[in-house]
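Survey of secondary and tertiary structure
These are the residues of each chain, in order.
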Protein chains: 4
Amino acid sequence: MVDRYLEVRGHSHRICAPLKIEDYVVQPIVDVSPPKWHLAHTTWFFETFVLKPFKKDYREFDADYSFVFNSYYEAIGERVKRPDRGNLTRPTVEDVYNYRKYVDEQMVELLQGNLSKELQNVVELGLQHEQQHQELLWTDIKYILGNNPLFPAYSTEYIYREENISEKGFVQFPEGIYEIGYKENDGFFFDNEKERHKEFLNEFSIRKSLVSNEEYLAFINSGGYKNHQYWHSDGWAWVRENNIEAPMYWYNIYDKWYCYTYQGIKEIEAQKAVCHVNFYEASAFATWKAMRLPTEAEWEVAAEKLIWGERWEWMNSAYLPYPGFKKADGAIGEYNGKFMVNQQVLRGASVVTSPQHSRITYRNFFQPNLRWQFTGIRLAK
Amino acid sequence: MVDRYLEVRGHSHRICAPLKIEDYVVQPIVDVSPPKWHLAHTTWFFETFVLKPFKKDYREFDADYSFVFNSYYEAIGERVKRPDRGNLTRPTVEDVYNYRKYVDEQMVELLQGNLSKELQNVVELGLQHEQQHQELLWTDIKYILGNNPLFPAYSTEYIYREENISEKGFVQFPEGIYEIGYKENDGFFFDNEKERHKEFLNEFSIRKSLVSNEEYLAFINSGGYKNHQYWHSDGWAWVRENNIEAPMYWYNIYDKWYCYTYQGIKEIEAQKAVCHVNFYEASAFATWKAMRLPTEAEWEVAAEKLIWGERWEWMNSAYLPYPGFKKADGAIGEYNGKFMVNQQVLRGASVVTSPQHSRITYRNFFQPNLRWQFTGIRLAK
Amino acid sequence: MVDRYLEVRGHSHRICAPLKIEDYVVQPIVDVSPPKWHLAHTTWFFETFVLKPFKKDYREFDADYSFVFNSYYEAIGERVKRPDRGNLTRPTVEDVYNYRKYVDEQMVELLQGNLSKELQNVVELGLQHEQQHQELLWTDIKYILGNNPLFPAYSTEYIYREENISEKGFVQFPEGIYEIGYKENDGFFFDNEKERHKEFLNEFSIRKSLVSNEEYLAFINSGGYKNHQYWHSDGWAWVRENNIEAPMYWYNIYDKWYCYTYQGIKEIEAQKAVCHVNFYEASAFATWKAMRLPTEAEWEVAAEKLIWGERWEWMNSAYLPYPGFKKADGAIGEYNGKFMVNQQVLRGASVVTSPQHSRITYRNFFQPNLRWQFTGIRLAK
Amino acid sequence: MVDRYLEVRGHSHRICAPLKIEDYVVQPIVDVSPPKWHLAHTTWFFETFVLKPFKKDYREFDADYSFVFNSYYEAIGERVKRPDRGNLTRPTVEDVYNYRKYVDEQMVELLQGNLSKELQNVVELGLQHEQQHQELLWTDIKYILGNNPLFPAYSTEYIYREENISEKGFVQFPEGIYEIGYKENDGFFFDNEKERHKEFLNEFSIRKSLVSNEEYLAFINSGGYKNHQYWHSDGWAWVRENNIEAPMYWYNIYDKWYCYTYQGIKEIEAQKAVCHVNFYEASAFATWKAMRLPTEAEWEVAAEKLIWGERWEWMNSAYLPYPGFKKADGAIGEYNGKFMVNQQVLRGASVVTSPQHSRITYRNFFQPNLRWQFTGIRLAK
């Protein structure tokens, strides 16, 4: 447990290693949090939900931090309003790393003792929580640098695996009753993955691989962003109000398409999976193709036959409780249930998802207009 | 067909009979349209989708009206932006009634001839469309008068049937595969009710009758609007930003609760169904009761055993396409599909729903924050 | 006094004679009030400040009207928020005319008696107040009809005198001490015209006539709206945010300029005074001409040698108190003083100013971005 | 000139010495710029207006910086929108100090040569410009730290001179013609101080010293923020929309008033000059006292008999051009003239004004709602 704890915590530091102090501080849009804030907030989680209740004589690092780094737990009291996170120059980055060091030392002490099942569960939740924020660290850093007019590279060496899309076939499934949701004794899970339950599905086909940049370019070139008939009403309003013409981070320079990457501006690679599209774009693309997006039940049933893991994939499913869903008691119970309205489900995982932080039953969710995650498109029919 | 046409069209006139000319014109919030606009827009529908394509030598009443009274059909071209509807003093109310008269005469002529199946379908769609707007006429008139600081009555005679809630028992259903959706040859339906399909449901119980004012008052009195734990995150933000303390149209005067009705301000009646709550309130109430809202499949399966028809009931289901859903071609196809994101399903019907305009498979939908419809709460567990 | 009272009050009715009931109700932008509201508010003024304090046993017409038709007198208590005026369908237009009739009868009774000096003063203030609203009636009606996509004419017969601009010469004045402000015993005045006081002016020249449409077109054609250097910083922001390319009510159709008038859409007349420009436009035009706008002291000194009365003319003077300015006591004191920040002075009068409601010392004022009044440009150097 | 140049430039560094890197980056409100931006922008001014035109073979430090650090000079081309300044994490603080070092070296080289009159003037303008930004550095740093919920001190040692207000008498001036504005050959001036010209003033009295915290507390305690009659209409709207109850940085803790200072939170000192009030508050206070604010001509005439220099003092004068005002040609000409609308004049200087950067003819200006400068109140009658 100590090893795993230190491994996960250290991964956050590795993600931030190439950053300048300035990069840790800002919040260019409300959905993007300052990297400093992620580092502190995940630490606050361990302090509040593990060290304070479980470690004898634990001395809080700094009482003010509770107020400053509580993200959304209403049950824990007052908090800094989300859009103001980017105005907090203090505690400094150095303070935050000291906070992490202090909490890590205390956690290691605690974890070397005998661990009750309850304690193990909360620690595991804290690690999963940190991994979720690691993914946000990646995407928020990309946003901060990618919206700077100088387009600085995060690192010129950063390479993540992206495979060419070669396999465009579909897999077919017969109608019938299928089971989805977390299978008992299958390791960690979030409350929203329960209860495992039956769903009746009609016959369906789902594409093995994701939609490529080349396929998405065909949509753009055929006037996809100019024709209302492919779009939801809200999506069309979004396109027109924001003059959208392409995925986020795409730039058309002298009639060639480029995009911002962690290594700076690069030409679009035709055979890679399209990225940084929102639900409206994913859905409009599918309509243009005379197909549709899959539901989350279909995806989960089919997952073992799919090539997945590079993009979070937009489902045509709203984020709703499974039959028998129960919120945990107390502040931890605020984790998932309170977001079950106005959000769309995403399935899969992305190139910046932390290792061991993906599984077939995982339910991610975002508002349908957001694009700063590594989101992509899978087709069904 | 002529009789039915005239009956439906006449009903719109009867709803507006007690109005002053001034009441026809205004749009106090973007969701509420001027009554004049409803009368003209439903007429424009018949002119555009029936008379122009189907009546030989039809002469348009006034070419400008297409622009002014097209509500949202992008395929039909330019239109007045929705929030500006309330600034159009011309065409006048008299003009609009003349427009109705002209179109009705032309329609009657057309309907006295031989009607193709296709024509019959479009006329029926136009009548259903008019009935939908009749319900909006009722709710928009209530909003216009109920938000006037003088609280004028619509009519001191207006009485609609509202029954006391006596039956508070639950009906139980076993787990199994159920069929929902429009049953072939069962009369008119909207495209969103198709395809009829199977769903697997877990065992569930659903209350026979709606939640009463008395029950909702207990929620208010126990601090329901002051405790975040009952609310969705978006719902809690809505409560706090708008200082919400009760359903729409409720006023607390010297510690007694009153509400605005079509007959003016009246004391709350404890045994009547609570009304004018939004999805957030319905859901918070259910959580406070340690229950939940039903899904639309549960509701449809149970409907024959329920007392329903006075309130549109908020479902814990997002508005999504049924398996096999197909949009109709052309402008008519914009009717339902493009709204299938960011909306919540309502089932049932309300005291102001037009006669013959309700059925068990009917799927209504609104954004979760809206309250000006006659919306209520049904519990499940 | 009775004759004058009835003459002024009747003029409001004559202005509204061609209106449809619908035209009386709406408020398309916050600066434009519904005609119904003007008619009621000016009546409320007589009821509140004349009849209630001065007429024995006066019985209020309707207690609710105080709340509904008080415009901005904080001292008189609660009032309907300004942007909500256009949502009040009741009291109806007929109610408002009955209100006017009742108050007029009571006023005539009162005015037939012996009138104290104080009473005479308040009645006169009420009449001047009504005349101010008559001008707003004209401009608000123009806005309501001129922003309707059908461009209905107010009346096809309406003609007001507009002279061609022939005289483009300048009048020169030597430096020296001049007196400006209301001259004792010179008839009615507003508190903002006092005290008469001395100002030292440098030598200046001021053009006899206003700027013509033809001259303003030259500014447009030379790229005046595309070059930041002619504009104030706030003005340039306004141009760019609103994509402004011409005065209000101007439309470019197939490369010819038209404008909306009380008779409908008409071609621009080159030799008439340019109209419906705001302070930013007036100032940018003057800068483009390498001249400037006059100050209000210069204007008042020069007025007898100028051709004026068709446009309110933007001054390069902020609206500030004259030396020795005193607010009246009580609610009447709210009339002018509280607006003495963030407003620009206008001098002159316009084609829709009521007869006898203009004089050389009159100080009008508006925010610098507004254009719906009959505003024009005079040059100085 | 070299000495003066280095002295002024070094002062900016001394102001920033106690800052953490994080403090340099953020922009909590649009009026407050990041300290990093001030340091870079003042450097950009020297590069753009001095080095590029005047230094032979000058090599630009980095072409991108022109875009990033141009504040408002439209003539120089594209620029980062003002509200986005706080999202620029790159160039880093270190980059900016390197930029300053490079430009300073180049400037010193240039200044050691023969300097034309024109060059001297632009260098002097650059230094005055830097001094203006030094004052903004002080006030923006105060805002950044003072709005952090931890209220960190800028420095526990920072002490500036503030004198107790002892002298409350008035000085009287007779009516007559006075001269104001920049006197030829009196050192540096901004274009807005010209031309020196005559004004006729009525007899007036002006208080020797500023209003104290104690006097302002009496205004608060007598309900000054709760009574509309003291306020301009716009001021009253500002009070109510923002629930204002005291000057900026004031906090009422257990019935005692504290304020944030550069040393952290401290109790209010009764005999010091009130600070961080806007024009609306200054004007409401004067009205409550049955007095008024002075005009800028009165202030300039009286200045030698006044105790001034601790607060910028709100004048009851709008910021307008003096008679004969001429904008300079080119980008430099954008300096002052384009702000001459919607702004109020301030006279004097403040405790954070740079040494030698104040004079009797200096005209400062801000929008009437702003409070983050060291603004105070002087009374006249």
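See the structure shown above.
Keep in mind that this is a model prediction, so the values were computed, not measured.

1. Some thoughts on the interface of chain B and chain A
- With 36 residues of chain B in contact, the opposing surface of chain A contributes 36 residues.
- Put simply, chain B and chain A have two salt bridges between them.
- Among the salt bridges present, the one from E175 of chain B reaches K198 of chain A, with a minimum N-O distance of 4.0 Å.
- Sorting the residues of the side of chain B that touches chain A by element identifies strand 3 (197-201), helix 7 (233-242), helix 8 (279-288) and strand 8 (312-318) of chain B as the ones contributing at least two each.
- Each residue belonging to the side of chain B that touches chain A can be placed in one class, and the counts come to 15 nonpolar, 11 polar and 10 charged.

2. Topic: the environment of E199 of chain C
Residues and elements named next belong to chain C.
- Secondary-structure assignment places E199 in strand 3 (residues 197-201).
- For E199, a relative accessible area of 27% puts it in the partly exposed group.
- Distance in space between the C-alpha atoms of E199 and Q128 is 28 Å, their sequence separation being 71 residues.
- Only 3.2 Å separates the side chain of E199 from the side chain of H197, close enough to count as a polar contact.

3. Focus on the side chain of T43 of chain D
All names here are of chain D.
- With respect to the helices, strands and loops of the structure, T43 is situated in helix 2 (residues 35-54).
- For T43, a relative accessible area of 0% puts it in the buried group.
- A polar contact is formed between the side chain of T43 and the side chain of R9, at a distance of 3.1 Å.
- One polar contact links T43 to R100, side chain to side chain, over a distance of 3.4 Å.

4. With respect to the interface of chain B and chain C
- On the chain C side, the residues contacting the 29 residues of chain B number 29 residues.
- Regarding the contact of chain B and chain C, the summed buried area is about 2,300 Å², with carbon and sulfur atoms giving 65% of it.
- When the buried surface of chain B facing chain C is broken down by residue, E22, R90 and L150 of chain B rank first, second and third, together holding 31% of it.
- Remark: the boundary between chain B and chain C carries two salt bridges.
- With its nearest N and O atoms 2.6 Å apart, the salt bridge here joins D23 of chain C to R90 of chain B.
- There are eight residue pairs in polar contact (both at pLDDT 80 or more) connecting chain B and chain C.

5. A few points about the relation of the copies chain B and chain A
- Least-squares fitting of chain B to chain A yields an RMSD of 0.0 Å, with the superposition described by an axial translation of 0.0 Å and a rotation of 180°. Classification of the inter-copy transformation places it as that of a two-fold axis.
- Interface overlap between copies: 100% of the residues of chain B at the interface are likewise at the interface in chain A, consistent with a symmetric, same-surface contact.

6. So, the relation of the copies chain B and chain C
- For the pair chain B and chain C, the relating rotation is 180°, the translation along its axis is 0.0 Å, and the fit reaches an RMSD of 0.0 Å.
- Both copies contact each other with a shared surface, as 100% of the interface residues of chain B are interface residues in chain C too.

7. Here's the deal with the sheet that holds strand 7 (residues 264-267) of chain B
Residues and elements named next belong to chain B.
- Strands sit in the order 5-6-7 across an open sheet of three strands; the sheet is antiparallel. Each having just a single partner strand, strand 5 (250-253) and strand 7 make up the two edges of the open sheet. Taking each pair of neighbouring strands and ignoring which way they run, the sheet shows an average axis angle of 35°.
- In this structure, strand 6 (residues 256-261) lies alongside strand 7, joined through four bridges in antiparallel fashion. Bridge pairing in strand 7 places T261 opposite G264.

8. Details of the packing of aromatic side chains
- The full count for this structure, using the stated rule, is 164 aromatic pairs over all chains.
- Ring plane angle 85° and centroid distance 6.0 Å describe the contact between F190 of chain A and Y362 of chain A, whose orientation is recorded as edge-to-face. Separated by 172 residues along the polypeptide, F190 of chain A in the loop between strand 2 (176-180) and strand 3 (197-201) and Y362 of chain A in the loop between strand 9 (344-348) and strand 10 (364-366) bring together distant segments of the chain.
- Judged by relative accessible area, which is 4%, F190 of chain A ranks as buried.
- For the pair W138 of chain B and Y154 of chain B, a centre-to-centre distance of 5.5 Å together with 70° between the ring planes defines the contact as edge-to-face. Of the two residues, W138 of chain B sits in helix 5 (residues 117-146) while Y154 of chain B sits in the loop between helix 5 and strand 1 (170-173), which places them 16 residues apart along the sequence. For the pair formed by W138 of chain B and Y154 of chain B, the shared burial category is buried.
- The rings of Y216, F219, Y225, Y230, W231, F285 and W288 of chain A are connected pair by pair, giving a single aromatic cluster.
- The ring centre of W37 of chain A lies 3.6 Å from the NZ or CZ of R85 of chain A, which sits over that ring.
- Over the ring of F170 of chain D we find K381 of chain D, and its NZ or CZ is 4.2 Å from the ring centre.

The rules behind each value
Residues numbered from 1 in each chain as written. Chains lettered and ligands numbered in written order. Predicted model: local features only at pLDDT ≥ 70, side-chain atom pairs only at ≥ 80, totals over all residues. Heavy atoms only, no water. Contact = heavy atoms within 4.5 Å. Salt bridge = Lys/Arg side-chain N within 4 Å of Asp/Glu carboxyl O. Helix = DSSP H or I, 4+ residues; strand = E, 2+ residues; numbered from the N terminus. Nonpolar A, V, L, I, M, F, W, Y, C, P; charged D, E, K, R; others polar. Buried < 20%, exposed > 50% of the residue type's maximum accessible area, 1.4 Å probe, protein only. Polar contact = N/O pair within 3.5 Å; in protein donor to acceptor, adjacent residues only side chain to side chain. Buried area = accessible area lost by both parts, 1.4 Å probe. Least-squares fit on C-alpha atoms with pLDDT ≥ 70 in both. Pairing = 2+ DSSP bridges. Axes fitted to C-alpha atoms, helices over the stretch in contact; angles between N-to-C directions. Phe/Tyr/Trp six-rings, centres within 6.5 Å; stacked < 30°, edge-to-face > 60°. Lys NZ or Arg CZ within 6 Å of the ring centre and 35° of its normal.

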